[in-house]
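Observations on chain architecture
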Amino acid sequence: RWARDGSLIAFLSDRGEPGGGARAGAQIYLLGMRLGGEPIQLTRHGQPVERFEWSGDGRYIAFLAAAPPGAERAPVRPEPTLPVRRAPILVDGDDRPHQLWVAEVGTGRVERLTTGAHHVVSFGWSPDGTRIVCAARPGSSLIGAGETELYRLDIGRRDEAGVGRVNPPQEI
């Protein structure tokens, strides 16, 4: 994806560290368009980056990824009481919810914007790059999709305000 000013392209790659370092799945890389050269790895997150988006001012890239190993896990949802609708069983999978993170392009500093067991499914920047709206639901399974809610995150103040419920969830 192009930076708004056309100076950089950001992309996902799972190429790993130079010299064969450990791979954590897809990470965000930056490639300068004026001088070319080798891409620079922006994120070194412990989990694969699933989705990313430039801020309107080009200073930040927000991305979705599960919390690294050791972070909180989503609570186990009880099975429904009706025998006709059984909850799916997760076998040998990772139930860590996707959280929203922001990387500062100039420094590479990464900050976590969301916490808890809610699974962030989508997000979008405000045009001026000061706020993000994200859609989150109680867990990563589609069973909780009807409980998706919107949250507004003020990047300058790092606070969060619920905006409302989205039913069914929609891409932002």
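Coordinates for the structure precede this section.
Please read all numbers here as calculations on a predicted model, not as lab measurements.

Moving on, we get to the sheet that holds strand β4 (residues 49–54). As summarised here, the arrangement of the four strands in space is β4-β5-β6-β7, forming an open sheet in which the pairing is antiparallel. At either margin of the open sheet sits one strand with a lone partner, and together these are β4 and β7 (110–112). Neighbour-to-neighbour, the strand axes of this sheet turn through a mean angle of 25 degrees, independent of strand direction. With five bridges connecting them, β4 and strand β5 (residues 60–66) associate as antiparallel partners. Counterpart to F52 in the pairing with β5 is F63.

A few words on the packing of aromatic side chains. Counted under the stated rule, the structure contains three aromatic pairs. With centroids separated by 5.8 Å and ring planes inclined at 20 degrees, the aromatic side chains of F11 and Y29 adopt a geometry described as stacked. Of this pair, F11 sits in strand β1 (residues 8–13) while Y29 sits in strand β2 (residues 27–32), placing them 18 residues apart in sequence. Judged by its relative accessible area of 3%, Y29 is buried. With 6.4 Å between their ring centres and 10 degrees between their planes, F63 and W101 make a pair best called stacked. You can see F63 sitting in strand β5 and its partner W101 sitting in strand β6 (residues 98–104), a full 38 residues away along the chain. Take F63 and W101: they sit in the same class, and that class is buried. A cation sits over an aromatic face here: R1 above F52, 5.1 Å from the ring centre. Looking at R15, its charged tip hangs above the ring of Y29, at a distance of 5.1 Å from the centre.

Basis of the calculations
- Residues numbered from 1 in each chain as written.
- Predicted model: local features only at pLDDT ≥ 70, side-chain atom pairs only at ≥ 80, totals over all residues.
- Heavy atoms only, no water.
- Pairing = 2+ DSSP bridges.
- Helix = DSSP H or I, 4+ residues; strand = E, 2+ residues; numbered from the N terminus.
- Axes fitted to C-alpha atoms, helices over the stretch in contact; angles between N-to-C directions.
- Phe/Tyr/Trp six-rings, centres within 6.5 Å; stacked < 30°, edge-to-face > 60°.
- Buried < 20%, exposed > 50% of the residue type's maximum accessible area, 1.4 Å probe, protein only.
- Lys NZ or Arg CZ within 6 Å of the ring centre and 35° of its normal.

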